[in-house]
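So you can see what is in the structure, the chains are spelled out below.
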There are 2 protein chains.
Amino acid sequence: MHETTRSPQGHPFGPLHIAEVLQLVQASVPIQRRLVRADDVVIHAGQPFANLYIVNTGFYKLVSLSGEGREQVVGLHFKGDWMGLDGIAGGHYGSEAVALDTGEIWAVSYEALLQAAMSTPALLVAMHSAMSRELVRDHEALLSLCTLPADARVAGFLRYWAAALEQRGLRTDHVTLRMSRAEIGNYLGMTLETVSRALSRMARGEVIHFAEKGRREIHIPQVQALTSFIQDVCATPVGAATLR
Amino acid sequence: MHETTRSPQGHPFGPLHIAEVLQLVQASVPIQRRLVRADDVVIHAGQPFANLYIVNTGFYKLVSLSGEGREQVVGLHFKGDWMGLDGIAGGHYGSEAVALDTGEIWAVSYEALLQAAMSTPALLVAMHSAMSRELVRDHEALLSLCTLPADARVAGFLRYWAAALEQRGLRTDHVTLRMSRAEIGNYLGMTLETVSRALSRMARGEVIHFAEKGRREIHIPQVQALTSFIQDVCATPVGAATLR
DNA sequence: CGGGCATTTGAAGCAGATCAATTACTGTGG
DNA sequence: CCACAGTAATTGATCTGCTTCAAATGCCCG
């Protein structure tokens, strides 16, 4: 989306590539590695804040729990993303981080990070960029949620996932969703049936194709088609208050 | 909500009170003050990132613009809040900051902030806390948006606004909304008519009262009643996918 | 005092939720 | 390797909360 995949060598304050950030962290602070499998809980909501977690491999969802038992997927995280950032302010993690498949995450002490930042400002900027990116992403999610109809949100979800893969140098034509229809629906603010219908509609429109077995393998001939699909759907726009 | 209004003197790494953060910033970095009036644009989306903005007085909304002209209020900001944080990652501000009435905002250079942070770690933690708080808030907004029916979201909005005022030592029984029904609706993902009806319903239920003239002055006898109202409404729950 | 905008309120329509039933896939034990 | 149980996904029919459309009222400001 933006030009975040640049900076070959990278001067101290410029934006770093995902791999460069991982190297930088590795070189600056002690890291505790942890291998996880699907459904492993990496961060428990409510636990005292101490570490930040950086995704080395795998896919993760962030889940917010309300007091009354409502739960909400509030974010997805890929290689190079930081997790646990919402714990800095209150001293406790604000949401659960759950692995969507096997992977490796790095735990680094926030205190150690602050220390290291004194001598390595680039580390600080990398962390700030991670937080900033998450804010931007949250705002995009909010925008999509409030202004797009269900079908467009599902298409936007696929596009987002594909973009995340592409940014990390992975192929985007064959995508394996790591989430059930229910999880996707929860993230997008709709029911699992609506997700299913949206996907069926996209498949019928040749925007995506399902792999022979298993409805979670999705073939996306051209990501750009998702964008057109979104715009098509929005010819009949949704009705939330338009400003002024 | 949390115990964020503590720390009388405040050791370097503990959470600071809003006024303490403002003092700290003032003592550590050069500040450019700006007086604004309602509808003044403090930050223009897309402009090159350079400064962070701290609210000294007034109320502000953050608006995200999509390429296709959709716009979405993604946040509200009060005294002590930082704005422009979404610009760090991409080098450009991601949303417009618009004043909702008169106030004073402080512009501080991000570079200067990084410099000052070297000698004043507390400043860094204050900034991180601000970002972290915004992430938490975004997640709360998402949760509310996806799991609560319209009436509950409006009540939650009032409760949020009252809590923000209380945290800043202001009275919460008489609240003056600085936003139109359309703005509120946009923020909450519903139409202005639905906002109006929700408020009417709350007034009918004695949860709030309107001041004699001007439907933006709202009397909230007891903030706690808003919470009960939300739970009442949720007896008939909304249907977004529940996880697993 | 009057024009223009914000808000309220009512009536009707619809996108998406809910309910329900079938099909497809995954893992497990024989 | 196959049968079977349990879960995930699809698809259809119906229902409903919220949007849309419409109209009246109230309020601010020149």
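Note that the coordinates shown come from a computational prediction; the quantities given were computed from them, not determined experimentally. (Residues numbered from 1 in each chain as written. Chains lettered and ligands numbered in written order. Predicted model: local features only at pLDDT ≥ 70, side-chain atom pairs only at ≥ 80, totals over all residues. Heavy atoms only, no water.)

> So what's going on with the confidence of the model for chain A? Which residues, and what values?
Per-chain confidence: chain A averages 92 in pLDDT, with 91% of residues scoring 70 or above. Low pLDDT, under 50, characterises residues 1–10 of chain A; the predicted model gives this stretch 16 contacts beyond four residues in sequence or across chains. (pLDDT = per-residue confidence, 0-100. Contact = heavy atoms within 4.5 Å.)

> Kindly report on the relation of the copies chain A and chain B, identifying the contributing residues and their values.
Overlaying chain A with chain B gives an RMSD of 0.0 Å, the required rotation being 180° about an axis along which the chain moves by 0.0 Å. One copy is carried onto the other by what is essentially a two-fold rotation axis. Taking C-alpha positions as the reference, the residue of chain A nearest the rotation axis is Met118 of chain A, at 2.8 Å. (Least-squares fit on C-alpha atoms with pLDDT ≥ 70 in both.)

> Could you give me a rundown of the domain arrangement of chain A, with the residues and numbers involved?
All names here are of chain A. Per the domain assignment, the segments making up chain A are domain 1 (18–128) and domain 2 (148–233). With centres defined by C-alpha atoms, the gap from domain 1 to domain 2 works out at 26 Å. If you look at the interface, domain 1 gives 14 residues, while domain 2 gives twelve residues. Around 1,200 Å² of area is buried between domain 1 and domain 2 when both sides are counted, 63% of it from carbon and sulfur atoms. On the domain 1 side of the contact with domain 2, Phe59, Leu76 and Phe78 bury the most area, a combined 44% of that side's loss. If you look at where domain 1 meets domain 2, you find three salt bridges. Taken together, domain 1 and domain 2 are joined by seven residue pairs in polar contact (both at pLDDT 80 or more). (Domains from an automatic or database assignment. Buried area = accessible area lost by both parts, 1.4 Å probe. Salt bridge = Lys/Arg side-chain N within 4 Å of Asp/Glu carboxyl O. Polar contact = N/O pair within 3.5 Å; in protein donor to acceptor, adjacent residues only side chain to side chain.)

> Can you tell me about the interface of chain A and chain B, naming the residues and giving the values?
At the interface, 60 residues of chain A touch 60 residues of chain B. Together, the buried faces of chain A and chain B total about 5,300 Å²; carbon and sulfur atoms form 69% of this surface. For the interface between chain A and chain B, the tally reads 15 residue pairs in polar contact (both at pLDDT 80 or more). Put simply, the parts of the chain that give the side of chain A that touches chain B at least two residues each are strand E4 (60–65), strand E5 (71–77), helix H2 (87–90), helix H3 (110–119), helix H4 (121–147) and helix H6 (181–188) of chain A. When residues in the side of chain A that touches chain B are grouped by element, the largest group, 19 residues, is from H4 of chain A. (Helix = DSSP H or I, 4+ residues; strand = E, 2+ residues; numbered from the N terminus.)

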